Amino acid sequence: MGKYLVLWEIDQTKIPVDPKERKDTWSLFMAVIRQDIEKGIVTDWGGFVGETKGYSINEGTEVEVMNALQQFVPYCIFSVHPIATENQVNEMIKALSD
């Protein structure tokens, strides 16, 4: 199981102009995010203040993470970065001297 930094951005062309519609859309997104947090797929989530961008920390297999992110397509654009743990980095360092 891997850990991933996910940078997300809402596609501005898909944001409703009407505030009520925008509220409804955000509420739907947040309900899905809450479900992913409860499932343990998302371990941290946040939006950048004043922007339509943010981040999440996702944990799971590549397929689990891809499936979780597909729930937001085509409304979000993602950049996904695998994260190495401290132990993994230390293993890499050790391998350099072997």
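Further up the page is the structure itself.
Residues numbered from 1 in each chain as written. Predicted model: local features only at pLDDT ≥ 70, side-chain atom pairs only at ≥ 80, totals over all residues. Heavy atoms only, no water.

**Student:** Where do I start with empty space enclosed by the protein in this structure?
**Tutor:** Space left empty within the atom packing is revealed by a probe, the size of a water molecule, rolled over the atoms. Following the criterion strictly, the structure yields two cavities of 30 Å³ or more and no others. The calculated volume of the largest cavity comes to roughly 170 Å³. Taken together, 16 residues make up the lining of the largest cavity; nearest its centre are Trp8, Ile33, Trp45, Phe72 and Phe78. Contributing elements (two or more residues each) for the lining of the largest cavity: β1 (2-10), α1 (19-39), β2 (42-47), β3 (53-60), α2 (62-70) and β4 (76-83). Of the residues forming the lining of the largest cavity, the biggest block, four residues, is contributed by α1. Within the lining of the largest cavity, the residues separate by chemical class into 13 nonpolar, two polar and one charged. Residue lining of the second largest cavity: Ile10, Lys14, Ile15, Pro16, Arg22, Thr25, Trp26, Phe29 and Tyr75, and that is the complete set. If one sorts the elements of the lining of the second largest cavity by residue count, α1 sits on top with four residues. Of the residues that constitute the lining of the second largest cavity, the class distribution is six nonpolar, one polar and two charged. (1 Å grid on protein atoms, 1.4 Å probe; cavity = no way out; pocket = protein on both sides within 12 Å on 5 of 7 lines; lining within 4 Å. Points joined across faces, edges and corners; volume = space filled by probe spheres on them. Helix = DSSP H or I, 4+ residues; strand = E, 2+ residues; numbered from the N terminus. Nonpolar A, V, L, I, M, F, W, Y, C, P; charged D, E, K, R; others polar.)

**Student:** I keep staring at the environment of Thr25 and nothing clicks. Help me out?
**Tutor:** Counting through the fold element by element, Thr25 comes out in helix α1. For the pair formed by Thr25 and Ile15, sequence separation is 10 residues and the distance between their alpha carbons is 8.3 Å.

**Student:** Hey, could you run me through the sheet that holds β4 in this one?
**Tutor:** Neighbouring strands of a sheet are bound in pairs by backbone hydrogen bonds; such pairs are parallel or else antiparallel. With antiparallel pairing, the four strands of this open sheet are ordered in space as β2-β3-β1-β4. Lying at the two open borders of the sheet, with one neighbouring strand each, are β2 and β4. Strand-to-strand, the axes of this sheet are offset by a mean angle of 15°, without reference to chain direction. Pairing geometry for β1 and β3, over eight bridges, is antiparallel. Considered in β3, the bridge of Leu5 is made with Ile57. Strands in contact with α1 are β1 and β2; relative to β2, the strand with the most contacts, it is inclined by about 155°. Sheet contacts for α2: β1, β3 and β4; angle to β3, the most-contacted strand, approximately 145°. (Pairing = 2+ DSSP bridges. Axes fitted to C-alpha atoms, helices over the stretch in contact; angles between N-to-C directions. Contact = heavy atoms within 4.5 Å.)

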